[in-house]
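The chain contents come next:
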Amino acid sequence: MASSFVIACVGKPSAGKSSFLNAVTDASAKVGNFPFTTIEPNQGVAYYAIDCPCATYGLSAQCKPRHGFCKNGRRHVPVRLLDVAGLVPGASEGRGLGNQFLDDLRQADALIHVVDASGTTDDQGRETRGYDPVNDIQWLRSEIEQWVAGNVERKWGGTVRRHVATRSSAVDTLHAQLAGYGTRREVVQRALDGVAGAVDAQLEQWDAAALRRFIGEFLDVRFPTIVALNKIDMPDADKNIAAILRRYRRPAAAPVSGRPMLRDGVSEGNIVLTSALAECFLRKMAAQKYIAYATGDDDFQTQGEAGGEGLRPMDDKVRRRVENIRDLVLFRYGSTGVQDVVGRAVEALGYVAVFPVKSLVNFGAPGGAFRDCVLVRPGTTVREFARKLHSQAIDEGYAGAETVGGIQLAEDDVIVAGKNNIIKYSVSA
Ligand SMILES: Nc1nc2c(ncn2[C@@H]2O[C@H](COP(=O)(O)OP(=O)(O)OP(=O)(O)O)[C@@H](O)[C@H]2O)c(=O)[nH]1
Ligand SMILES: [Mg+2]
C-alpha cells in the first residue's frame, strides 16, 4: 500500500515551485522565468528517508520495498508532492488564478511555501531586482486565511442559528463548515482545544474576533507549513534570509511548551534554505556521469578527485557552473536543502512509519524483508492500522497483534516509532 498523503508546494509565481518539484521527484514540470508557467497542478513522488529496520536485523541484502527503495539501511518512503499554480495578492478574491489554486489546496495534508529569497521576483511573480521578500510568509498565510474566513463568515449567522436549533456540539457544527477543506473531525477538535480558554465554549457567544482566532488555530492544525527560502545561490539572498530569520526567531523569553511557537503559521525550525535550481542541475550532471552526487550530500566528486573514478570530463563552462554551486551552495549551506524540506514536512505532520510483517522471525526474508512501510497519522492504533491495510482477512479475522520480542499489542495501543511499529497480525481461520 503506497502512502496516500499529499504535500503541496505553494507560493507566488516564479518562486521556484515547479523547480522544487523537479528537484525532489522524477517529474519534469515546465519551469519558466515568467508568472503562471504552471496552470494545471504537476505531481510527483518524493521520498521521506528514515532508518530502515533491515539494518538493525542484518537483512539489508534482503530488504525489498514494494514502494520506494532502501539504500545503505536508509528507507525511502514515497510521499506525493503537488506543485500548484502561483498565488498573487488578492487571490482569495479570485485575482490571478486565485480560486483554482486555493481549491487545489483541499487535497494537501501539509504545505511547502516556496519563497524567492533572492528578491528577483516581485509580488506578482514578475522579474525584478531588489524586491524585499520579508513579508511573503505573512502574505501567503493571510491569503489562505481570507479564503477560509470569507467562506465561513459569510454563512456564520445561519450556522449559529442551526447550531442552536439542532443542539449540535461545537465540533460538529464547525466540522460541517470546514469539511469542504478536506478536514477531518479530529483536526477541528484539535483547533477547538487550541483556543479553549481564549474563546467562549458556546459558539453562539462568539464575536468576529473569536471566530478569527479559531480560524487561525484551525489553519495551524490543518495546514502544517514548511518554508523553503529558495534561490540561496543568488547574490542578494543572504541579506534577505537574515531579515526573514530575524523576524521568525523564537523570542528567548518565550514560554517552553510542548508545541513549537508559530508565527504566520510557521515555526523557526521549519524554515529551510534551498536551491532547487542547484539540486536540479547537480542531479542532471550526476545522471550524465559528470559528477558523483546523491541528494542531500554536502559535496560531489568530479573526474580526477578521489571518488570520481569512471566519471566523464567536463568542458570549462560546465566545470565553472558546478564549481559555482559547490562554493555558493554546498560549502556555504551544507546541502541544497530540498530533501530536508520534504523530511520536515512529514515530521511536522507527526506521521509514523509502520512495517507490517508476516513473520517476526525473518520479517519476510529471504523472499523480501520489510516489503511494506506505511506512513500513518499520529495517534493511529494497532486496530485502526489493521483496518487501514485494506486486508479483509486481517480486518475481519482479527485475532491479535504482536511486535518484536514476542510482545503482544492491545487493539488500542497507539503505534509509536521504534517501540511497536513492526507489527505482525494474527487472524483466526
Ligand atoms: N537562481 C535560482 N533560480 C531558480 C531557483 N529555483 C527556481 N529558479 C528559477 O526561477 C524561475 C521560476 O521557476 P519555476 O520553478 O518555474 O517557478 P514556479 O514557482 O513554478 O512559477 P509558476 O509556475 O509561474 O507559479 C525559473 O527561471 C527557474 O530557473 C533557484 O534555486 N535558484
Ligand atoms: Mg510552476
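Residues numbered from 1 in each chain as written. Chains lettered and ligands numbered in written order. Predicted model: local features only at pLDDT ≥ 70, side-chain atom pairs only at ≥ 80, totals over all residues. Heavy atoms only, no water.

Examined at the domain level, the protein breaks down into domain 1 (6-53 + 73-133 + 222-276), domain 2 (147-221), domain 3 (279-332) and domain 4 (350-427). The C-alpha centroid of domain 4 is placed 34 Å from the C-alpha centroid of domain 1. The partner domain 4 presents 10 residues to the 7 residues of domain 1 that form the contact. Of all residues in domain 1, P53, R75 and V77 give up the largest surface area on contact with domain 4, accounting jointly for 64% of the area buried on that side. Along the contact surface separating domain 1 from domain 4 lie 0 salt bridges. Seen at the junction of domain 1 and domain 4, the total is 2 residue pairs in polar contact (both at pLDDT 80 or more). Among the elements of the structure, β2 (42-51) and β4 (74-83) are those that each provide at least two residues to the side of domain 1 that touches domain 4. With 3 residues, the single largest contributor to the side of domain 1 that touches domain 4 is β4. (Domains from an automatic or database assignment. Contact = heavy atoms within 4.5 Å. Buried area = accessible area lost by both parts, 1.4 Å probe. Salt bridge = Lys/Arg side-chain N within 4 Å of Asp/Glu carboxyl O. Polar contact = N/O pair within 3.5 Å; in protein donor to acceptor, adjacent residues only side chain to side chain. Helix = DSSP H or I, 4+ residues; strand = E, 2+ residues; numbered from the N terminus.)

Where empty space is left in the structure can be found by rolling a water-sized probe over the atoms. One pass over the structure, following the stated rule, counts 1 cavity of 30 Å³ or more. By volume, the largest cavity is sized at about 100 Å³. Taken together, 13 residues form the lining of the largest cavity, with L140, R141, I144, T225 and D264 sitting closest to its centre. Counting only elements with at least two residues in the lining of the largest cavity, the list comes to β5 (110-116), α4 (136-154) and β6 (225-230). Residue contributions to the lining of the largest cavity peak at 4 residues, all from α4. Tallied by class, residues from the lining of the largest cavity come to 8 nonpolar, 3 polar and 2 charged. (1 Å grid on protein atoms, 1.4 Å probe; cavity = no way out; pocket = protein on both sides within 12 Å on 5 of 7 lines; lining within 4 Å. Points joined across faces, edges and corners; volume = space filled by probe spheres on them. Nonpolar A, V, L, I, M, F, W, Y, C, P; charged D, E, K, R; others polar.)

What follows is about a positive patch on the surface. A cluster of basic residues, R154, K155, R161 and R162, forms a positive patch at the surface. Relative to the helices and strands, R161 resides in helix α5 (residues 156-166). (Patch = residues over 30% accessible without salt bridge, like charges linked within 9 Å, V, L, I, M, F, W, Y side chains within 5 Å. Areas by Shrake-Rupley, 256 points an atom, 1.4 Å probe, with all protein chains shown as cover. Lys, Arg positive; Asp, Glu negative; His and termini not counted. Charge placed at Lys NZ, Arg CZ, Asp CG, Glu CD.)

Next up on the list: the coordination of the magnesium ion (ligand 2). Six octahedral donors at a metal ideally form angles of 90 or 180 degrees, and four tetrahedral donors ideally form angles of 109.5 degrees. S18 (OG) and T38 (OG1) make up the full set of protein donors to the magnesium ion (ligand 2), lying at 2.0 to 2.1 Å. You can see S18 sitting in helix α1 (residues 17-24) and its partner T38 sitting in the loop between α1 and β2, a full 20 residues away along the chain. For T38, a relative accessible area of 9% translates into the label buried. (Donors = N, O, S within 2.8 Å, 3.2 Å for Na, K, Ca; no water. Buried < 20%, exposed > 50% of the residue type's maximum accessible area, 1.4 Å probe, protein only.)

Attention shifts here to the site of ligand 1. Around ligand 1 lies a shell of 24 residues, among which S14, K17, S19, T37 and D233 are the nearest. A15 places a main-chain nitrogen or oxygen 3.2 Å from an oxygen atom of ligand 1. Between ligand 1 and L277, the relevant distance is 3.2 Å, taken from an oxygen atom to a main-chain nitrogen or oxygen of the residue. Considering ligand 1 on its own, with 650 Å² of exposed area, one finds that the protein chains cover 91% of that surface. Elements with a contribution of two residues or more to the shell around ligand 1: α1 and α10 (276-287). Element by element, the count of residues in the shell around ligand 1 is highest for α1, at 3 residues. Tallied by class, residues from the shell around ligand 1 come to 9 nonpolar, 11 polar and 4 charged. (Near = heavy atom within 4 Å.)

One pass over the structure, following the stated rule, counts 0 disulfides. Among the cysteines around C9, which has no disulfide bond, C280 carries the closest sulfur, lying 11 Å off. For C9, a relative accessible area of 0% corresponds to the buried category. Left without a disulfide partner, C70 is nearest to the cysteine sulfur of C54, which lies 3.7 Å away. (Disulfide = S-S within 2.5 Å.)

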